[in-house]
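The residues making up each chain are set out below.
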Amino acid sequence: MRMDIAALFPDICTAVLNASITGRAIKEGKAQLFCHQLREYTENRQKQTDGYPYGGGPGKVMFVQPIVSCYEHVLEELNPQAQGLPSGENSETVPPDNSLVRPHVILLTPSGKPYTQADAVRLSQKENLFIICGHYEGIDERASILLEAEEISIGDYVLTGGELAACVVADSILRLLPGVLSSPENYEEESFWNGLLEYPQYARPAEYRGMKVPEVLLSGDHEKIRKWRQEKSLEKTQRVRPDLLENHKKAPS
Ligand code: 6GU
């Protein structure tokens with residue numbers, strides 16, 4: 001997978017995603033990551049990336065031009081054989097539309113669709129992703145329409161910008177790529193894979209400050225352990241996320 005992130009503060013994404021497990025995946029070539037500074041794609045003297053909204057109102061709006069230019073830069077890199085993209089002036093050398101490699105475009109904005117693990121799984125199947133980090137009061141609507149962007153929010157709260165959201169979305173996708181986690185069970189057991197929250201886990205020591213690890217986990221009886229974990233999963237989900245349990249009942253795994 002190749003992932004391009006367009007941002008006003010690309011260093012945030014570079015720093016976060018080049019660390020830890022995602023960083024290793026990138027170093028090992030399991031994914032390619034390019035974080036773009038949108039300011040470098042501006043075409044005005046002052047390199048402004050935003051302006052006042054038509055119709056008035058508070059805050060600023062991100063200009064459409066740098067975003068589309070950044071996307072088109074990536075499009076040319078993905079289609080080196082297609083010269084003259086995207087203006088189509090060299091129609092001789094521009095291949096038919098359907099043979100162009102086009103990244104799937106994600107726009108991160110608090111007004112997007114709530115992000116879920118199912119989205120992460122779906123997006124991890126894409127060969128190319130282009131992720132736009134929203135800022136200020138929003139982004140010129142025409143960017144979203146032109147690039148056919150999928151608008152995503154990571155939750156019902158407001159961040160100062162889309163960079164942290166991009167890190168969240170990118171991390172959740174990259175860890176699903178083949179060979180990134182040591183064993184696929186690592187994610188098949190965890191929360192949200194089966195629609196329930198994870199059961200409690202314990203490691204050494206067997207007793208800490210008088211608190212003992214539940215007897216069943218020391219029993220070696222795998223069937224009993226499986227049942228106990230299932231029960232604890234259900235209990236915890238009932239307690240903190242009854243909404244998940246509703247969906248779980250409707251679609252038993
Ligand atoms: Cl994607 N962006 C911002 N700025 N705030 C958010 C968000 C995104 N998702 C939740 N809050």
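Whatever comes next refers back to the structure up there.
Residues numbered from 1 in each chain as written. Predicted model: local features only at pLDDT ≥ 70, side-chain atom pairs only at ≥ 80, totals over all residues. Heavy atoms only, no water.

Colleague: Just to check I follow, could you spell out the packing of aromatic side chains for this structure?
Modeller: Pairs of aromatic rings are described using the distance from one ring centre to the other and the angle between the two planes. Applying the stated criterion across every chain yields a total of one aromatic pair. Geometrically, the ring pair formed by Tyr-71 and Phe-130 is edge-to-face, given 5.4 Å between the ring centres and 80° between the ring planes. Of this pair, Tyr-71 sits in helix α3 (residues 64-78) while Phe-130 is found in strand β6 (residues 128-133), placing the two residues 59 residues apart along the sequence. We classify Phe-130 as buried; its relative accessible area is 0%. Looking at Lys-60, its charged tip hangs above the ring of Tyr-52, at a distance of 5.2 Å from the centre. (Phe/Tyr/Trp six-rings, centres within 6.5 Å; stacked < 30°, edge-to-face > 60°. Helix = DSSP H or I, 4+ residues; strand = E, 2+ residues; numbered from the N terminus. Buried < 20%, exposed > 50% of the residue type's maximum accessible area, 1.4 Å probe, protein only. Lys NZ or Arg CZ within 6 Å of the ring centre and 35° of its normal.)

Colleague: Would you take a moment to explain the pairing of β6 for this structure?
Modeller: Each regular strand shows side chains that alternate between the opposite faces of the sheet. The element β6 is largely enclosed, with a buried count of six among its six residues. Sheet analysis places strand β1 (residues 2-7) next to β6, joined by five bridges and oriented parallel. The residue bridging Ala-6 from the neighbouring strand is Ile-132, located in β6. One ladder, built from five bridges, connects strand β5 (residues 104-114) with β6; its direction is parallel. (Pairing = 2+ DSSP bridges.)

Colleague: I would appreciate a short explanation of the site of the ligand in the present structure.
Modeller: Around the ligand, a shell composed of Leu-108, Thr-109, Pro-110, Ile-152, Ser-153, Ile-154, Gly-155, Tyr-157, Leu-159, Gly-161 and Ala-165 is seen. In the model, a nitrogen atom of the ligand is placed 3.0 Å from a nitrogen or oxygen of the Ile-154 main chain. Against a free-state accessible area of 290 Å², the protein chains account for coverage of 97% of the ligand. Mapping the ligand onto the cavity grids shows that it belongs to the second largest pocket. (Near = heavy atom within 4 Å. Polar contact = N/O pair within 3.5 Å; in protein donor to acceptor, adjacent residues only side chain to side chain. Areas by Shrake-Rupley, 256 points an atom, 1.4 Å probe, with all protein chains shown as cover. 1 Å grid on protein atoms, 1.4 Å probe; cavity = no way out; pocket = protein on both sides within 12 Å on 5 of 7 lines; lining within 4 Å. Sits in = over half its atoms within 2 Å of the grid points.)

Colleague: Got a minute to help me understand the sheet that holds strand β4 (residues 61-62) in this structure?
Modeller: Two pairing modes exist for strands in a sheet, parallel and antiparallel, and in both the strands are linked by backbone hydrogen bonds. An order of β3-β4-β7 is seen for the three strands of this open sheet, with the pairing classed as mixed. Of all strands in the sheet, those bounded by a partner on one side alone are β3 (50-51) and β7 (138-139).

Colleague: Would you explain the nonpolar core in this entry?
Modeller: For soluble globular proteins, the rule of thumb is that nonpolar side chains tend to be buried together. One finds Met-3, Ile-5, Leu-108 and Ile-173 to be the most contacted residues of the largest nonpolar core, which totals 29 residues. Broken down by secondary-structure element, the contributors of at least two residues to this core are β1, α1 (10-17), α2 (20-27), β5, α4 (117-123), β6 and α6 (162-174). Element by element, the count of residues in this core is highest for α6, at seven residues. Setting aside residues up to four positions removed in sequence, Ile-5 forms contacts with Cys-13, Leu-17, Leu-33, Phe-34, Cys-35, His-36, Ile-131, Cys-133 and Ala-166. Ranked by size, the runner-up nonpolar core spans 21 residues in total, among them Leu-8, Tyr-41, Val-68 and Leu-107. (Core = buried A, V, L, I, M, F, W, Y, C linked by side-chain atoms within 4.5 Å. Contact = heavy atoms within 4.5 Å.)

Colleague: What exactly am I supposed to notice about the environment of Pro-200 here?
Modeller: With respect to the secondary-structure elements, Pro-200 resides in the loop between α7 (185-188) and β9 (207-208). The exposure class of Pro-200 is partly exposed, given its relative accessible area of 32%. Sequence separation of Pro-200 and Lys-236 is 36 residues, and the distance between their C-alpha atoms is 9.0 Å. Look past the residues within four positions of Pro-200 in its chain and what remains in contact with it is Trp-228 and Lys-232.

Colleague: Whenever I open this one, α6 confuses me. Can you help?
Modeller: Working note: α-helix, 3.6 residues per turn, so residues spaced by three or four point in the same direction. Taking 1.5 Å of rise per residue, the 13 residues of α6 would be expected to cover 18 Å, and the 18 Å separating its terminal C-alpha atoms lies within 8% of that figure. Of all 13 residues that make up α6, ten are buried, and the element is covered over most of its length. Listing the buried residues of α6 in full gives Gly-162, Glu-163, Ala-165, Ala-166, Cys-167, Val-169, Ala-170, Ser-172, Ile-173 and Leu-174. (Expected span 1.5 Å × (residues − 1).)

Colleague: Would you mind going over the layout of surface pockets with me for this structure?
Modeller: Empty space among the atoms can be located by rolling a probe the size of a water molecule over them. Each pocket or cavity is described by its volume, and for the second largest pocket that value is around 380 Å³. Taken together, 26 residues form the lining of the second largest pocket, with Leu-108, Thr-109, Pro-110, Ser-111 and Gly-134 sitting closest to its centre. In terms of residue count, the dominant contributor to the lining of the second largest pocket is β5 (five residues). When the residues that make up the lining of the second largest pocket are grouped by side-chain class, the tally is eleven nonpolar, eleven polar and four charged. (Points joined across faces, edges and corners; volume = space filled by probe spheres on them. Nonpolar A, V, L, I, M, F, W, Y, C, P; charged D, E, K, R; others polar.)

Colleague: Would you mind going over a nonpolar patch on the surface with me for this structure?
Modeller: Taken together, the side chains of Phe-9, Ile-12, Val-16, Tyr-157, Leu-159 and Leu-164 make up a nonpolar region of the molecular surface, amounting to roughly 520 Å² of accessible area. Its place among the elements puts Ile-12 in helix α1. Judged by its relative accessible area of 32%, Ile-12 falls in the partly exposed class. (Patch = residues over 30% accessible without salt bridge, like charges linked within 9 Å, V, L, I, M, F, W, Y side chains within 5 Å. Salt bridge = Lys/Arg side-chain N within 4 Å of Asp/Glu carboxyl O.)

Colleague: How should unusual backbone geometry be read in this particular structure?
Modeller: Phi is mostly negative for residues that are not glycine, and the peptide bonds are mostly trans. The linkage connecting Arg-204 with the following residue, Pro-205, adopts the cis geometry, with an omega of 0°. The residue Pro-205 is located in the loop between α7 and β9 in this model. A positive phi angle, close to 50°, is found at Arg-209, a residue other than glycine. As for its position among the elements, Arg-209 is in the loop between β9 and β10 (211-212). For Arg-209, a relative accessible area of 74% translates into the label exposed.

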